[in-house]
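Structural features, examined
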Amino acid sequence: MGVSVAGEPTGASARPAAASGWDGITREQVRIDLGAGWVTKAELTYPSAAQGRLPLVVFLHGSGRNDMNQTLPGGNGSTFVPLAQAAGHAGYATLRFNKRAVNDIGPVLTTDPAQLEPKQPYHRTQQDAAAVIRFAAGSPRVNPSRIFLLGHSEGTNVAANLAAAPKSFGIPKPAGVIAMAVIGKPVKQLMTFQVYGRLLLQLHDEFDLDGDGQLTAIEATDGLVGQPQQTADLFRSVLLNGTKLKDGTDKNRDGHIAIDTEAGPVLRDLTGIDAYPNIPGLSTFLVSYIKDLARFPHAGKALPRFSGPTLLLNGENDLETPARAALAADAAVAAAGNKDHTVVIYPGLAHTMNASPKFDDELGEPDQRVVADVQKWLEAHH
């Protein structure tokens, strides 16, 4: 297995893929020096019959210590494999890599604390992505002027930041950006939604049958039916004392709990959102990551500075990066004068672009609609 040093590919093992979605695609195992003491495993793929330099898609992960496939927990597959296969069938080379601190598929992690928790962790992720792009640009298989970036969640921000200022990262200008589960708003706003706002949204959507913004004891009781146990326990603790409304939440004792003005403050206190970024339950490292991420423009600010083709994809049921943020980011791209931009919001899909109940965080491989749309867009921009 070859090792790349300072971003230059050297001899690597290559093999045609077995029939598993990789048909007709060669998978080449490579290593990439990300700097700061970490050399990572990666996989370069390309159509086996292709000649000459190819357009390439670089895959940029969501937050956390993800392997090159963005393997999902619980045996739910991976985010990137079906998309890389689709890109290969569209005539593209692809490059997937293990994030810093990830030794292998699983993910299998290092025990080195310096790699697990680097200083300025989001900026380190940007720099690592730039190192991967420079490696790709030096490959004899790749056309360096035709490198596309496909990011998921955190990766949408990384892709947008790099595409907005390629010279500052020492990379060629990307040929296009595909952003899935778009970080289109400031991280504080998104974290507030993830931790607190989604709960109010659920009370309005699933509990408030008559839509008056207030809950009776019957509405509160009925709303608990069919909820996962943890969700039911949380809302019961806020809304009910037995079969009656909880006095501590129904402050004015009028027999109704106003969702925003009475349940809202109780939920704010329970979640600890007002301590942002020091939200209860977050590690010191995660707090430092949030602070570092906030130093950089989110995708909705950065992507308008990129003049190339953009494709923004979001699930309507996404509870991490809500669809409204993707729509706002696309509107900003349009307002900047970019004529080649598309946004697609998928009903019923969640954060990993998979089908999921509306207020659950189920993970799964991207829906075939998403895979087909990515392949079609790539074919149109080959």
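This structure is a prediction, so every number in the text was calculated from the model and none was measured.

**Remarks on the packing of aromatic side chains**
For the coordinates displayed, the defined rule picks out five aromatic pairs. Consider the rings of Tyr 92 and Phe 148, whose centres lie 5.5 Å apart with planes at 80 degrees: the pair is edge-to-face. In this pair, Tyr 92 sits in the loop between α1 (81-89) and β5 (93-97) while Phe 148 sits in strand β8 (residues 142-152), placing the two residues 56 residues apart along the sequence. Each member of the pair, Tyr 92 together with Phe 148, is buried. Seen from their ring centres, Phe 148 and Trp 377 are 6.0 Å apart, and the 90 degrees between their planes marks the pair as edge-to-face.

**Observations regarding the pattern of salt bridges**
Per the stated rule, a full pass over the model turns up 13 salt bridges. Notably, a salt bridge pairs Asp 128 with Arg 100, separated by 2.8 Å at the nearest N-O pair. Here the residue Asp 128 occupies a position in helix α3 (residues 121-137), and Arg 100 occupies one in the loop between β5 and β6 (102-104), the gap between them amounting to 28 residues. Given a relative accessible area of 5%, Asp 128 falls into the buried group. One salt bridge in this structure joins Arg 236 and Asp 233, with 3.2 Å as the shortest N-O distance. Highlighted residues: Arg 236 and Asp 233, both in helix α8 (residues 229-239), separated by three residues, approximately one helical turn. A single network of salt bridges, built from pairs that share partners, joins Arg 27, Glu 43 and Arg 96.

**Here we look at the environment of Leu 162**
Relative to the helices and strands, Leu 162 resides in helix α4 (residues 154-164). Sequence separation of Leu 162 and Ala 130 is 32 residues, and the distance between their C-alpha atoms is 7.5 Å. Look past the residues within four positions of Leu 162 in its chain and what remains in contact with it is Gln 126, Ala 129, Ala 130, Ile 133, Leu 149, Phe 169 and Ile 171.

**Some points on unusual backbone geometry**
Cis geometry marks the peptide bond from Gly 106 to Pro 107, where omega comes out at -5 degrees. Pro 277 follows Tyr 276 through a cis peptide bond whose omega is 0 degrees. Secondary-structure assignment places Pro 277 in the loop between α9 (259-271) and α10 (284-293). Residues other than glycine seldom take positive phi values, yet Gln 120 does so here, at roughly 45 degrees. With respect to the helices and strands, Gln 120 occurs in the loop between α2 (113-116) and α3. The backbone of Ser 153 sits at a positive phi, close to 55 degrees, despite the residue not being glycine. Given the relative accessible area of 9%, Ser 153 is considered buried.

**A short note on the side chain of Asp 292**
Checked against the element boundaries, Asp 292 lands in helix α10. When its relative accessible area of 5% is taken as the criterion, Asp 292 is described as buried. For Asp 292, the contacting residues outside a window of four places in its chain are Gln 120, Pro 121, Tyr 122 and His 123.

**Focus on the nonpolar core**
With 71 residues, the main nonpolar core has Leu 56, Val 58, Leu 95, Leu 162, Leu 203 and Leu 239 as its most contacted residues. Broken down by element, the residue count for this core peaks at eight residues, all from α3. In this view, Val 58 contacts Leu 95, Phe 97, Val 132, Ile 133, Ile 147, Phe 148, Leu 149 and Leu 150; residues no more than four positions away in its chain are not counted. Residues Trp 22, Ala 84, Ala 90 and Met 353 belong to the second largest nonpolar core, which totals 27 residues.

**What about the confidence of the model for the chain?**
The pLDDT averaged across the chain works out to 95; a share of 95% of its residues lies at or above 70. Confidence drops under pLDDT 50 across residues 1-12; counting only partners more than four residues distant or on other chains, this segment forms 30 contacts.

**Quick notes on the pairing of strand β15 (residues 341-346)**
Note: strand β14 (residues 310-315) against β15, six bridges, orientation parallel. Counted as the bridge partner of Leu 313 is Val 344 from β15. Remark: the β14/helix α12 (residues 323-335)/β15 crossover connection has right-handed handedness.

**As for the side chain of His 298**
With respect to the helices and strands, His 298 occurs in the loop between α10 and α11 (299-302). Overall, His 298 belongs to the buried group, its relative accessible area being 12%. Within the structure, His 298 has its side chain in polar contact with the backbone nitrogen of Gly 300 (distance 3.0 Å). What His 298 contacts, discounting residues up to four positions off in sequence, is Asn 157, Ile 183, Gly 184, Lys 185 and Pro 186.

The rules behind each value
Residues numbered from 1 in each chain as written. Predicted model: local features only at pLDDT ≥ 70, side-chain atom pairs only at ≥ 80, totals over all residues. Heavy atoms only, no water. Phe/Tyr/Trp six-rings, centres within 6.5 Å; stacked < 30°, edge-to-face > 60°. Helix = DSSP H or I, 4+ residues; strand = E, 2+ residues; numbered from the N terminus. Buried < 20%, exposed > 50% of the residue type's maximum accessible area, 1.4 Å probe, protein only. Salt bridge = Lys/Arg side-chain N within 4 Å of Asp/Glu carboxyl O. Contact = heavy atoms within 4.5 Å. Core = buried A, V, L, I, M, F, W, Y, C linked by side-chain atoms within 4.5 Å. pLDDT = per-residue confidence, 0-100. Pairing = 2+ DSSP bridges. Right-handed = clockwise from strand over helix to strand, strands pointing away. Polar contact = N/O pair within 3.5 Å; in protein donor to acceptor, adjacent residues only side chain to side chain.

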